[in-house]
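Each chain is listed here by its residues.
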Amino acid sequence: MPDTSLSNFLARSSAAILVEIEAVKGSSPREAGTFMLVSQDALWATIGGGQFEYMAMDHARAMLRSGTAEDRMDIPLGPEIGQCCGGRTLIRFQRVTKEIGVALETRLKGEAEQQPAVFIFGAGHVGKALAEALSLLPLTLTVVETRETELHDLPADATSVLTPMPEALVAKIPANGAAIIVTHDHALDFLIAKEALARDDLAYVGMIGSKTKRATFSHWLEREGEPPSRLAKLTLPIGGNSVRDKRPAVIAALVAAELLQAFSAAEIRRNENRHGHPQGQDHA
């Protein structure tokens, strides 16, 4: 898998321009702070695509040819450039220096530390498909497996853990993270899920299976003396039932959508708790 990191791009580029959305008015493809890098023959990341990105790329490369160190463009996102967002973007251009490169690396590291953590328990066909799909998203991935032979063909940025007791790893999931349980053994699935559901700070707990497996797990939880209310926090089957396609890649795509919705909902709840909305008051 090719190295698509920022550090590798900077190492390969003799000169580059930092293109950053400095301010946004109205509707825009991306928010203020979004950035990309443009060299004479390559790009790193995107500021939203479309004609306004092509205009920014052309301007950045013109700066490289002329030696200009810094500039700005105010671009209307309307029919005059073939876009229909309706807003405006102020774009800042800076020639990348060593200091700017270090600052960008530091910024990305900080953002990565704030990303939700996803622990995938099981590296079989579905586990690998999940890791592949989720590696494209702003998430931190850890894949946990009991079988050393399965810990291969994982994305380069996924951390793999080999352990005989995967349920013990549930405690290491950072708060607001997620546990996706897709092991090769129902009994192991149940042990991991029991530990995950005992936590009240995870945004998502999901298990591969069916309605029958959910009922079996419910009875198992009851025998284990767990409160029935905990089952309500479990997504089983993962991916839902609206698309009846059991191919691993399809399941992975559906679960990716579920995860993003769960993380978004959890963030909204945290914001509401921080701001302390009074009960019974309309905040529309």
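Please read all numbers here as calculations on a predicted model, not as lab measurements.

1. Side note on the packing of aromatic side chains
Moving on, step 1. This structure, assessed with the given rule, holds five aromatic pairs.
Moving on, step 2. Relative to Trp220, the ring of Phe190 lies with its centre 5.6 Å away and its plane at 45°, an arrangement referred to as tilted. You can see Phe190 sitting in helix H5 (residues 186–197) and its partner Trp220 sitting in helix H6 (residues 211–223), a full 30 residues away along the chain.
Moving on, step 3. Classification of Trp220 as buried rests on a relative accessible area of 15%.
Moving on, step 4. Ring centres of Phe217 and Trp220 lie 5.9 Å apart, and the angle between their planes is 20°; this geometry places the pair in the stacked category.

2. Regarding the sheet that holds strand E11 (residues 234–235)
Moving on, step 1. If you trace the six strands from one edge of the open sheet to the other, you get E8-E7-E6-E9-E10-E11, paired in parallel fashion. Of all strands in the sheet, those with a lone pairing partner are strand E8 (159–162) and E11, marking the two edges.

3. Notes on the pattern of salt bridges
Moving on, step 1. Under the counting rule described, the total for this entry stands at 13 salt bridges.
Moving on, step 2. Of the charged contacts in the structure, one is a salt bridge between Glu111 and Arg107, with a shortest N-O distance of 3.1 Å. With Glu111 and Arg107 both in helix H3 (residues 98–114) and four residues apart, this pair spans about one turn of that helix.
Moving on, step 3. By relative accessible area, Glu111 is classed as partly exposed at 40%.
Moving on, step 4. When its relative accessible area of 28% is taken as the criterion, Arg107 is described as partly exposed.
Moving on, step 5. Of the charged contacts in the structure, one is a salt bridge between Asp201 and Arg199, with a shortest N-O distance of 2.9 Å.
Moving on, step 6. A relative accessible area of 17% means that Arg199 is categorised as buried.
Moving on, step 7. Sharing partners across several salt bridges, the network here consists of Glu22, Glu70, Arg72 and Arg92.

Conventions we followed
Residues numbered from 1 in each chain as written. Predicted model: local features only at pLDDT ≥ 70, side-chain atom pairs only at ≥ 80, totals over all residues. Heavy atoms only, no water. Phe/Tyr/Trp six-rings, centres within 6.5 Å; stacked < 30°, edge-to-face > 60°. Helix = DSSP H or I, 4+ residues; strand = E, 2+ residues; numbered from the N terminus. Buried < 20%, exposed > 50% of the residue type's maximum accessible area, 1.4 Å probe, protein only. Pairing = 2+ DSSP bridges. Salt bridge = Lys/Arg side-chain N within 4 Å of Asp/Glu carboxyl O.

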